[in-house]
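Listed here are the chains, written in short residue letters.
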Amino acid sequence: MLQLDWSIVTQNMPHLVKGLMFSFGLCFSSALVGGVGLGTILAVLRFSRYPWVVRIVTGYVTLMRATPFLMVMFWFYFLLPLIIKNLFGSAYATGIDAFYSAFIAFALFEAAYFSEIIRAGIQAVPGGQRDAARSLGLSQMQCYRLIIFPQAFRKMMPALLTQCIILFQDTAVVYVVGLSDFLGTLKHIAERDGRMVEAYLFAAVVYFLISFSASKGVELLKHK
């Protein structure tokens, strides 16, 4: 430990901060678009009166929750160009940019997890409130927007934030497709300077401090 050289961190701090901001941005955009946006739609569709809609959404959620995220990202980055090539020919097999591959994979993957949290929050609202709203003449959309969602999101906010912490941790795997996130930036610097131990120790400390602090914040919010 006395021979560790931490100058790899101090001298490359601007690049590390940039990589960390990239990780935060990918986490926030994926959680907002895929988690909350698509997840809410999936959760509402689980209560559809059409059985075939419920079966399709349930199958999608089950598939995503049973598949490792890294495999989902590889589907978009490696397999999708092959599928396009077989369907339309090599002229269309350009693939998807690494960032968009990671973003789409995160959005679709996290939507399955967020939808289950949102569905549980909706079920936590007493069903009598929904019936009362419909008896007053509110449409189904108005019922969700004005009655159910304000109460449901308040109840499930700690669980949603906890899933966001997990999502932030999962962003560390995007370096495998060449993206310069926090871990990817550290990896490139460590390989260049030959300081792998210092780089990965620093990465572990940073991820721990961020995740631990966020977890404590979620606990305080839950008690409040």
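Every chain is numbered independently, its residues counted from 1 as its sequence is written. For a predicted model such as this one, the threshold for reporting local features is a pLDDT of at least 70, and the threshold for listing and counting side-chain atom pairs is 80 or more; totals across whole chains, interfaces and linings nevertheless cover every residue. Processing note: side-chain calculations cover all non-hydrogen atoms of the structure and skip hydrogens and water entirely.

A.B. asks: Can you lay out the environment of phenylalanine 202 for me, pointing to particular residues and giving the numbers?
C.D. replies: With respect to the helices, strands and loops of the structure, phenylalanine 202 is situated in helix H9 (residues 196-223). For the pair phenylalanine 202 and valine 17, spaced 185 residues apart in the sequence, the C-alpha separation amounts to 13 Å. Here, two residues are considered to be in contact whenever any of their heavy atoms come within 4.5 Å of each other. Those residues in contact with phenylalanine 202 that sit more than four places away from it in its chain are Trp6, Val9, Leu16, Phe182 and Leu186. Here a strand is any run of E in DSSP of at least two residues, a helix any run of H or I of at least four, and the numbering for each starts at the N terminus.

A.B. asks: Summarise the packing of aromatic side chains; cite the residues concerned and give the values.
C.D. replies: Here the aromatic set is Phe, Tyr and Trp, taking the six-membered ring for Trp, and pairing holds for ring centres within 6.5 Å; pairs whose planes are under 30 degrees apart are stacked, those over 60 apart are edge-to-face, and all others are tilted. Taken as a whole and assessed by the stated rule, the structure comprises 13 aromatic pairs. One aromatic cluster is present, built from ring pairs that chain together Phe24, Phe168, Phe182, Phe202 and Tyr207.

A.B. asks: Talk me through the state of the cysteines; I want residue IDs and the actual numbers.
C.D. replies: Cysteine sulfurs are considered disulfide-paired once they come within 2.5 Å of each other. Counted under the stated rule, the structure contains zero disulfides. Not engaged in a disulfide, the cysteine cysteine 164 finds its nearest cysteine sulfur in cysteine 27; these two sulfurs lie 5.8 Å apart.

A.B. asks: Which residues make up the nonpolar core, and what are the values?
C.D. replies: By size, the foremost hydrophobic cluster in this structure holds 54 residues, and its most contacted members are Ile122 and Phe182. Top contributing element to this core by residue count: helix H5 (residues 98-124), with 12 residues. Dropping the residues within four chain positions of it, isoleucine 122 is found in contact with Ala43, Phe47, Arg130, Tyr144, Ile148, Phe149 and Ala152. Only buried Ala, Val, Leu, Ile, Met, Phe, Trp, Tyr and Cys residues count toward a nonpolar core, and they belong to the same one when joined by side-chain atoms within 4.5 Å. Three exposure classes are used, based on accessible area relative to the maximum for each residue type with a 1.4 Å probe and protein chains only: buried under 20%, partly exposed in between, and exposed over 50%.

A.B. asks: Please give an account of the pattern of salt bridges that cites residues and values.
C.D. replies: Throughout this description, the term salt bridge denotes a Lys or Arg side-chain nitrogen within 4 Å of a carboxyl oxygen of Asp or Glu. Counted under the stated rule, the structure contains six salt bridges. Its salt-bridge partner being aspartate 193, residue arginine 192 comes within 2.9 Å of it at the nearest N-O pair. Judged by its relative accessible area of 56%, arginine 192 is exposed. In this structure, glutamate 198 and arginine 195 form a salt bridge, with 3.0 Å as the shortest nitrogen-oxygen distance.

A.B. asks: Go over the side chain of threonine 185, please, and point to the residues and values.
C.D. replies: Here threonine 185 lies in helix H8 (residues 182-193). Side-chain atoms alone can form a polar contact between residues adjacent in sequence; in general such a contact is a pair of N or O atoms within 3.5 Å, and within protein one must be able to donate a hydrogen while the other accepts it. Within polar-contact distance, the side chain of threonine 185 engages the backbone oxygen of serine 180 at 3.5 Å. Sequence-distant contacts of threonine 185, defined by excluding residues within four places in its chain, comprise His15, Leu16, Gly19 and Ser180.

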